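# Descriptive structure summary
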Amino acid sequence: MPGMVVFGRRWGIASDDLVFPGAFELFIRIIWWIGTLILYTIHKGRFDCPGGAVLNIYLVGLLVILAAIIFSQCAIVYVSAQGTITNPGPRRFIPVLVCVRFLLYLPEIVWACLGAMWVSGDSKGCDLAEVGAVIGAVVASWIILFFTGVGVLVVFDPLGSQRRSAALYEPGTSDMESSDSARSLAVRVWESRLRLLCCYLPQDDSHRAAFSGIAQLVSGFFSDTDLVGSDIAAGLSLLHQEQDKVEQCRDPDEVVPHSPSSPIREDLQTELERAAHCMQFAAAAYGWPVYVYSNPLTGVFKLSGDCCRSRSAEYDIVGGDHLGCHFTSILLSTGLQYRDFIHISFHNQIYEIPFFVALDHKKEAVLVAVRGTLSLKDVLTDLSADCENLPIEGVTGDCYAHKGITQAANYIYKKLINDGILNQAFTIAPEYRLVITGHSLGAGAATVLAILLRSAFPTLQCYAFSPPGGLLSKALADYSREFVVSVVLGKDLVPRLSIPNMEDLKRRILKMVSNCNKPKYQILLRGCWYEVFGGEPDNFPTELENRRDEPSHVTHLPFYPPGRILHITEEGSRRRSCFSPVRYRAEWSNETAFSSILISPRMLGDHMPDVVLGALQRLTQERPFSLCPSSLSNSHLNVI
């Protein structure tokens, strides 16, 4: 930080990012130079084949070129390792060294061509070891040149043109006009990236609108920083160790009290049992991919018998399940019969996600299960994170929700009501109650769907597993506590993911990398060791340890996770053995516990549906329930 400026433009790489790639190439070049020197020394004066003179010149030239490259790489690695992330002064000669290194590619290309010509024309009668060595040198040269070209494409920044940046600040152009021009350019670049990434999707109005909204969100988020990818990685590593130090100092028996505005109506044991039951349906909604992932040894064999059997005439299966594998996996996961399903939809487009409606006779419920993120179209729905008005009768205050998830919930709502799906279900089982469930994106859509249906079905219940943190406004989040239970496992990223939390994370990363006075390569090396092997969090010296936090400016409306939040965490050591059994602890929490993003190797693993289901099953099946003593003396606490 900031990005390196070479050849008159800014690149998506910093001047201290050349240590590791430079050291790797240096290692390869030294081995290559030593091998060439040994070959030349052994055969010196004995190049008596027809092309021996050319071979002698080639080897001598190759030794000289490799020596020059090794010298330049040593200089690049040494200078790149100097200074700190925010102090690039000691690395001011890196652009010059990179230009020198780039010039050395020209003789290397010439020599690679010379070697190829010698092998193809003048190598007859020469020693096989000599020919093989030249072929290896030529191949190695072209491989290195190829990966160098790929690396240049990867770090190319389409917004880094110095000429364009200068044009934005020409005399007579106001700061506001310059800022608007830069922002407009960034939006266009991100739109082009999204269109390229989603080139196989139909380019209709809904997709173009989604691309535009996501591009504006992403470009606005990165517009006020000059961070490159490695800066973010170093900041996350520092932040993880800082958070672990704080966690070690915290009382392990500390319990977060439940929000007074949302009293607990149900016993925690009962809610866990209901949640474990509903999670089976939420996981089943993913279809065969998650089923096979959860059953790697037997899943494929169990599905193979029924996958190709068509039931389209007998059951209402809507698109996306031409082989019947999704439906078969749902039957195996839930234990229901064919006749228990009212509607199954695997139709998937942006803002339109799969779901199914079934009769759960065990719990006497009409159950609606919504699928979570499983396709690129679902990712676009997730990233459409603008707010959308969601006025609900009887709810005071600002009512708004995540735009993409709200539109997905509206799609399901119209299918359930307009197509008479719920009427059909309650005609069959009029005494049953409505239960809605889902995981991840499905949990968010299930929550909004429950809010939309609450007036028509006052007794409905919703179980949202790992729901998005940036989902509802404060008024709607408080309203949802009456009928929504959210289940969050460990340090799951998604329930903590919202635009304000991302802004806070960006601010904290900037502070960490600004305060640390260690070189980036040391931070990354120590961070990798810590993530893999553990140990005590490193206490990096900082240049501004006593600097106060600058007040943050809220630029986006705050969002919150839905309902009453049931938080499941692992008991025991933070780093346990891979073979030690996992013990879980469940407690009621509130939205303040998810107001910041926690960095952890488990932040993505704790979000997986099979992991959440396994944790709930362990809590409800493998050990008896016991309330902590603290919960016996405090009616607002409830812990298992």
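All values derive from a computational prediction rather than experimental measurement.

It is worth spelling out the nonpolar core at this point. If you look at the biggest cluster of nonpolar residues, it comprises 49 residues, and the most contacted ones within it are V366, V368, L416, L434 and L453. Sorting the residues of this core by element identifies strand 5 (355–360), strand 6 (365–370), helix 14 (403–418), helix 15 (421–428), strand 9 (433–439), helix 16 (441–453), strand 10 (461–465) and helix 17 (474–480) as the ones contributing at least two each. With 10 residues, helix 16 is the largest single contributor of residues to this core. Beyond its immediate chain neighbours, meaning those up to four positions away, V368 contacts F355, F356, V357, L416, L422, L434, V435, I436, T437 and L449. Counting residues in hydrophobic clusters, the runner-up holds 40 residues, among them C278, F281, Y584 and L616.

Attention now moves to unusual backbone geometry. The phi angle at F7 is positive, at roughly 55°, despite the residue not being glycine. Mapped onto the fold, F7 is located in the loop between strand 1 (3–6) and strand 2 (9–14). Although it is not a glycine, S440 adopts a positive phi angle of roughly 65°. Within the secondary structure, S440 is located in the loop between strand 9 and helix 16. Take S440: its relative accessible area is 8%, and that puts it in the buried class.

Per the UniProt record, the feature "transmembrane region" (unreviewed entry) sits at residues 20–42, 54–81, 93–119 and 131–156. As annotated, residues 54–81 comprises 96% helix and 0% strand, and the C-alpha atoms at either end are separated by 40 Å. Overall, residues 93–119 shows 96% helix and 0% strand. The separation of its end C-alpha atoms is 39 Å.

Below, the discussion takes up the side chain of D360. Tracing the sequence through the fold places D360 in strand 5. Notably, D360 is buried but unbridged: the nearest opposite-charge side chain belongs to K363, and the N-O separation is 7.1 Å. Filtering out sequence-adjacent residues up to four positions away, D360 remains in contact with H277, F281, A365, L367 and Y432.

Tracing the chain through its elements places D378 in helix 13 (residues 376–383). A polar side-chain atom of D378 sits 2.6 Å from a polar atom in the side chain of R371.

Moving on: the packing of aromatic side chains. By the definition in use, this model includes 10 aromatic pairs. An angle of 75° between the planes, with centres 5.9 Å apart, marks the rings of W11 and F156 as edge-to-face. Highlighted residues: W11 in strand 2 and F156 in the loop between helix 4 (128–155) and helix 5 (162–168), separated in sequence by 145 residues. What makes F156 partly exposed here is its relative accessible area of 39%.

Conventions and cut-offs
Residues numbered from 1 in each chain as written. Predicted model: local features only at pLDDT ≥ 70, side-chain atom pairs only at ≥ 80, totals over all residues. Heavy atoms only, no water. Core = buried A, V, L, I, M, F, W, Y, C linked by side-chain atoms within 4.5 Å. Buried < 20%, exposed > 50% of the residue type's maximum accessible area, 1.4 Å probe, protein only. Helix = DSSP H or I, 4+ residues; strand = E, 2+ residues; numbered from the N terminus. Contact = heavy atoms within 4.5 Å. UniProt positions renumbered as here; feature names shortened; annotations may be inferred. Lys, Arg positive; Asp, Glu negative; His and termini not counted. Salt bridge = Lys/Arg side-chain N within 4 Å of Asp/Glu carboxyl O. Polar contact = N/O pair within 3.5 Å; in protein donor to acceptor, adjacent residues only side chain to side chain. Phe/Tyr/Trp six-rings, centres within 6.5 Å; stacked < 30°, edge-to-face > 60°.

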